[in-house]
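A look at the structure
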Amino acid sequence: MLPLTSAAPASSNPATPAAEIETAVIGINGMTCAACASRIERVLRRVEGVTAAAVSLAAGQAVVTFQPGMTDLPALHAAIEKAGYEVVPPTATEDETAADEAAMLELRQLGRQALVAGLLALPLFALEMLPMLIPALHHARLAVLDEGTWRGIGLLLATLVQFGPGWRFYRAGWAAARVWSPDMNTLVMLGTTAAYGYSVAVVCFPAAFPPGTAHVYFEASATVVALVLLGRYFEARARGRTGAAIRHLLALQPKTAQVRRGGQTFELPVALIHPGDEVVVRPGERIPVDGTVVEGASFVDESMLTGEPLPVDKTVGAEVIGGTVNGQGYLVVCASRVGAETVLQGIVRLVQAAQGSKPPIQDVADRVVRWFVPAVLGVALVTFGVWWWQATFELALVNAVSVLIIACPCALGLATPTSVLVSTGQAARLGVLFRKGSALQMLDELRVVVFDKTGTLTAGHPRLTDLHGCDLPPEVSETDLLGWLAAVEKPSEHPIARAVVAEAEARGLPLPTPTDFTALPGQGVTATVAGHHVAVGTDRLMAHLNVATEAGAPVIAELARAGKTPMYAALDGRLAAVLAVADEIKPTAAAAVAHLRAQGLEVVLVTGDHPATAQAVAARLGIDEVFAGARPADKADIVRRLRQRGRLAFVGDGINDAPALAVADVGIALGTGTDVAIEAADVILMSGDPVGVLQARDLARATMRNIRQNLFWAFAYNVVLIPVAAGVLYPAFGLQLSPVAAGAAMGLSSLFVLTNALRLLKWRPRAVAAPLP
């Protein structure tokens, strides 16, 4: 059974009992990069009583484990706010509107700022760059207005960008620098301010600059602001959807229920139901609470919990779970767990805590920027001081600004997102949707792939797979028998009966109207059809009817070994056929597993199904390691254990897979599955084809090679040219990197990164037609 509280790590203090440890999930606004998450983690871990803290940038929340006797939630909130971030107030589980509105407001603000910055930077870029490339345009421009007027226009446009949309970088960048933890905001702030400030000085005091150095770089500062804001907008869009999995889960619980008290039945909000209340569940309704059946009988679809397609027979005394769907019967349930104590709410907490846990990946640019920004500042200051002492103030200022401009993060900011943008676009054409860019690196480093069975490697619904005639009269064909069996099964709501009826209807067989229909619970059904007495069910039904089954025993055993559900069919008191129902393996599943294993990956099967069925499916697919009978919490725990072997991907499609999808390094959901699984995953396979896992990994490997190349060149330009900009070659060779050359080098590095990323457009998936030999 799913635990009612999210699991908390054991305390680092062995003297502290586990009962004194609590785990809290805290929503946070204002994080913009991995450095923000790291800073909040350090602040939280310094709070007395905190034993562990993990902050997720993508989920916008912190998962904190603490000792209640030593600290509390208000103290944790205060620590986060003191670090310069906003704590999102907790909302009721039934109402996520406030959180949604806050996320949408931030998204709209970023969208507006990116649009404004882009509209202002585009003409500025055209006015400055095109005349440099086409000299005729330079002369035509001067024929309209003099250079001073054009520079004044550039100053106006750049100022609107710098202190309009770009103001957020000053706020965040200064906050990070003030606590000696610079991040990408700090680098954007410094780089754009250097280009903008130098250009303002050139416009206002042109005579103060040495000949050939009075150039403006307004287009550089404005373009960087626009590009970074655009990247932030798309990132916020992806983060804004992380709460959708929780909302879909909560939507599974009905808001009201029919409660029977004192002999009367009336409708009540679910929040007002107490343990011991009797809840009436009509056919087709979702069960609102966890409890025990005290009246009635029905089949209940528990696929949201187990992921398995066959509804479960529920009679008096059976346990039922809130959120599952009642079939065609009438049930009265005595509530045992309500509200936050239900299994469904336990799944919500599992997903919420897993989404908030810190991913092992760290963004390369944000890691490097922690030392890169102070280093650049130090080099710029040293350059300024040395040249002012050895030469003139003007030359010192030019060289120092050249250092800052060459360090502007344009290429650094484009290195990863451009590759991700191109590769995810390619993936979308294949029906593979990446919801998080970090999934690309996880897939590249993958060591273990864990597959759910039902709906992932199999079709997800039972169908009639076998019909073996045993002793049919000459005048009766197997087709006739199938039609009669379907006629007998049609009044039944049992999933096996539905599979028989579906097969007959798919073949277009006529279904005569049965008479003398009798259903024997747990055994099968009998009826008279076309003048024949027909019975279909288990060996117990055959024994009850005194039908000899020895002739069908070998076939029954073979079908059971294959993981199928076998049944007997009798005609006029004699065994007529053996039939079986099974959830069939998808045509491409074996090929996908074979190719993944050929890449050196471990492939594991985890399912809530019976061990015999799971082993049979695994044997046909070539999977050696199987975990069967696993419930949602079990799947998440299994994934945690298997992660010790290396990077792990979990592939699933059901609500019951959501905790495991969130816990895995990369969760892969089938687009043909439930909304909850899709929203909890990092990658979505829209076609539902397991081969998509192979394609996603191949593309991820190509993308990560591309990103590493981009990052190398983005930093190589800086590492090589910063010393040149500082003037180290000037004394010996007379070579000096002016701000113009620095700006050109910066643009060249960006152009190289973009061109390299576009090479991913040529990537094509491998052909996977059949399993490997």
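Fair warning: this is a prediction, and the values are worked out from it, not measured in the lab.

What to know about the UniProt feature "transmembrane region" (unreviewed entry) in the protein
The feature "transmembrane region" (unreviewed entry), as given by UniProt, occupies residues 114-137, 149-167, 187-209, 215-234, 368-389, 395-415, 711-733 and 739-758 in the numbering adopted here. In this annotation, residues 149-167 is assigned 79% helix and 0% strand; the end-to-end C-alpha distance for the span is 26 Å. Its end C-alpha atoms 30 Å apart, residues 711-733 is made of 87% helix and 0% strand.

Some words on a nonpolar patch on the surface
A surface patch of nonpolar side chains, about 230 Å² in accessible area, is lined by Val 144, Leu 145 and Ile 153. Under the relative-accessibility criterion, Val 144 is labelled exposed at 62%.

Re the nonpolar core
By size, the foremost hydrophobic cluster in this structure holds 48 residues, and its most contacted members are Phe 434, Leu 443, Phe 451, Val 666, Ile 668 and Val 683. Non-local contacts of Leu 443, meaning those with residues more than four positions away in its chain, are made with Phe 434, Val 666, Ile 668, Val 683, Ala 696, Arg 697 and Ala 700.

Let's talk about the environment of Asp 698
For Asp 698, the location among the structural elements is in helix H25 (residues 691-726). Along the sequence, Asp 698 and Asp 444 sit 254 residues apart, while their C-alpha atoms lie 8.0 Å from each other. Not counting residues up to four positions away in its chain, the partners in contact with Asp 698 are Gln 599, Trp 763 and Arg 766.

Considering the sheet that holds strand E15 (residues 463-469)
On the basis of which strands lie adjacent, the open sheet formed by six strands has the order E15-E20-E19-E18-E17-E16 and antiparallel pairing. The open sheet has two edge strands, E15 and strand E16 (515-520), and neither has a second partner. The sheet shows a mean angle of 20 degrees between the axes of neighbouring strands, taken without regard to direction. Inspection of the sheet shows strand E18 (residues 532-537) paired to strand E19 (residues 565-571) by four bridges, in the antiparallel sense. Following the sheet pairing, Gly 537 is matched in E19 by Tyr 568.

Observations concerning the packing of aromatic side chains
The tally for this structure, following the rule as stated, stands at seven aromatic pairs. Here Phe 163 and Tyr 170 contribute two aromatic rings whose centre-to-centre distance is 5.8 Å and whose plane-to-plane angle is 20 degrees, an arrangement assigned as stacked. The interplanar angle of 80 degrees and the centroid separation of 5.4 Å between the aromatic rings of Phe 712 and Trp 713 together place this pair among those described as edge-to-face. Residue classification places Phe 712 among the exposed residues on the basis of a relative accessible area of 52%. Each member of the aromatic cluster is reached from another via a ring pair, and the members are Phe 163, Trp 167, Tyr 170, Tyr 196 and Phe 218.

A few points about the pairing of E19
Among the seven residues that make up E19, five are buried, leaving the element largely enclosed by the rest of the structure. Note: E19 against strand E20 (residues 574-582), seven bridges, orientation antiparallel. Bridge pairing links Tyr 568 to Val 578 in E20. Hairpin connection of E19 to E20: two residues between the antiparallel strands, including Asp 572 at a positive phi of 55 degrees.

Notes on the pairing of strand E1 (residues 22-29)
Alignment of E1 against strand E3 (residues 61-66), held across six bridges, turns out to be antiparallel. Within E3, the position partnered with Ile 26 by the bridge is Ala 62. Two strands pair when backbone bridges link them, and E1 and strand E4 (residues 86-88) are joined in this way by three bridges, in the antiparallel orientation. The partner of Asn 29 across the bridge, within E4, is Glu 86.

Thoughts on the environment of Met 189
Mapped onto the fold, Met 189 is located in helix H7 (residues 184-204). Between the alpha carbons of Met 189 and Phe 169 there is a distance of 5.6 Å; along the sequence they are 20 residues apart. Those residues in contact with Met 189 that lie beyond four places of it in its chain are Phe 169, Tyr 170, Gly 173 and Trp 174.

Calculation rules
- Residues numbered from 1 in each chain as written.
- Predicted model: local features only at pLDDT ≥ 70, side-chain atom pairs only at ≥ 80, totals over all residues.
- Heavy atoms only, no water.
- UniProt positions renumbered as here; feature names shortened; annotations may be inferred.
- Helix = DSSP H or I, 4+ residues; strand = E, 2+ residues; numbered from the N terminus.
- Patch = residues over 30% accessible without salt bridge, like charges linked within 9 Å, V, L, I, M, F, W, Y side chains within 5 Å.
- Areas by Shrake-Rupley, 256 points an atom, 1.4 Å probe, with all protein chains shown as cover.
- Salt bridge = Lys/Arg side-chain N within 4 Å of Asp/Glu carboxyl O.
- Buried < 20%, exposed > 50% of the residue type's maximum accessible area, 1.4 Å probe, protein only.
- Core = buried A, V, L, I, M, F, W, Y, C linked by side-chain atoms within 4.5 Å.
- Contact = heavy atoms within 4.5 Å.
- Pairing = 2+ DSSP bridges.
- Axes fitted to C-alpha atoms, helices over the stretch in contact; angles between N-to-C directions.
- Phe/Tyr/Trp six-rings, centres within 6.5 Å; stacked < 30°, edge-to-face > 60°.

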